[in-house]
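# A closer look at the structure
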Amino acid sequence: GDDLTKFAALGIGADMQQATAALAAGLGPEMAQLAPDIVKAMTAGSNMVQMAMLDGGDHVRAMLEKGGGPEDTINALMHMGDRAKEIAAQYTEGAAHSAFALDQFSKVHGKDAIILMRAADAFRENAKRQYGSVEAYTAALVKEKEINDKFTHTWENFKNKIFEPMRLAMMTVATIFMDLMVAIEPFLG
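## Regarding the packing of helix H1 (residues 2–9) against helix H2 (residues 13–27)
Contact pair H1 / H2: the axes reach a minimum separation of 7 Å and the direction vectors enclose 135°. One element, H1, and the other, H2, form an angle in the oblique class. Contacts from Leu4, Phe7 and Ala8 in H1 reach Gly13, Met16 and Gln17 in H2. Along the lines of polarity and charge, the residues of the contact of H1 with H2 split into four nonpolar, two polar and no charged.

Shown next, in the form of structure tokens:
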């Protein structure tokens, strides 16, 4: 939606879309649909203060400056989700009413902080189940992105080396044919 349009205007739309898809896959089926909302929560200007309170400024900058690759997006989620969990624990530790304490945490740090906590836990659990760790999952995503980038680069080279000369040759033949038709038209009728 609007976020992809903003990312596209920054020249990182495709990267952010790929990162969001990788995040959705890592979150697992029960939370996958939240991936776009999680990326939005981490990058929305209106959440800048809350994300800074979760020590996420550098991670969000890395996402936006580097094109939001899967590695940067996952690192941002894990860092801010874990930081939110630490802060929430400070609110709820020893509280007579932990739900009230968590509500106060949410008022200060935003409701997205709770979503980031849950998402980081879900991501960690799924990454551990599928790859053994978040780091191994992230490494697999980085390798996959490198392979995709190489394929795209190879495909572009192939098109430029093979199809472009063929297109130019066809255009030249078509031009010669059209010139020939114009030249012989008086003799045809």
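## Here we look at H2
Along its 15 residues, H2 runs 21 Å from first to last C-alpha, staying within 8% of the 21 Å computed at 1.5 Å per residue. Just downstream of H2 lies Gly28, where phi reads positive at about 90°.

## Observations concerning the pattern of salt bridges
Using the criterion set out here, one finds eight salt bridges in the structure. Asp121 is the partner of Lys85 in a salt bridge, and the nearest nitrogen-oxygen pair spans 3.1 Å. With Lys85 in helix H6 (residues 70–92) and Asp121 in helix H8 (residues 111–131), the pair connects residues that are 36 residues apart, well separated along the chain. Relative accessible area serves as the criterion here: at 29%, Asp121 is assigned to the partly exposed category. One salt-bridge network, held together by shared partners, links Asp82, Lys85, Asp121 and Arg124.

What counts, and where the lines are drawn
- Residues numbered from 1 in each chain as written.
- Predicted model: local features only at pLDDT ≥ 70, side-chain atom pairs only at ≥ 80, totals over all residues.
- Heavy atoms only, no water.
- Axes fitted to C-alpha atoms, helices over the stretch in contact; angles between N-to-C directions.
- Helix = DSSP H or I, 4+ residues; strand = E, 2+ residues; numbered from the N terminus.
- Parallel < 35°, antiparallel > 145°, perpendicular 65-115°, else oblique.
- Contact = heavy atoms within 4.5 Å.
- Nonpolar A, V, L, I, M, F, W, Y, C, P; charged D, E, K, R; others polar.
- Expected span 1.5 Å × (residues − 1).
- Salt bridge = Lys/Arg side-chain N within 4 Å of Asp/Glu carboxyl O.
- Buried < 20%, exposed > 50% of the residue type's maximum accessible area, 1.4 Å probe, protein only.

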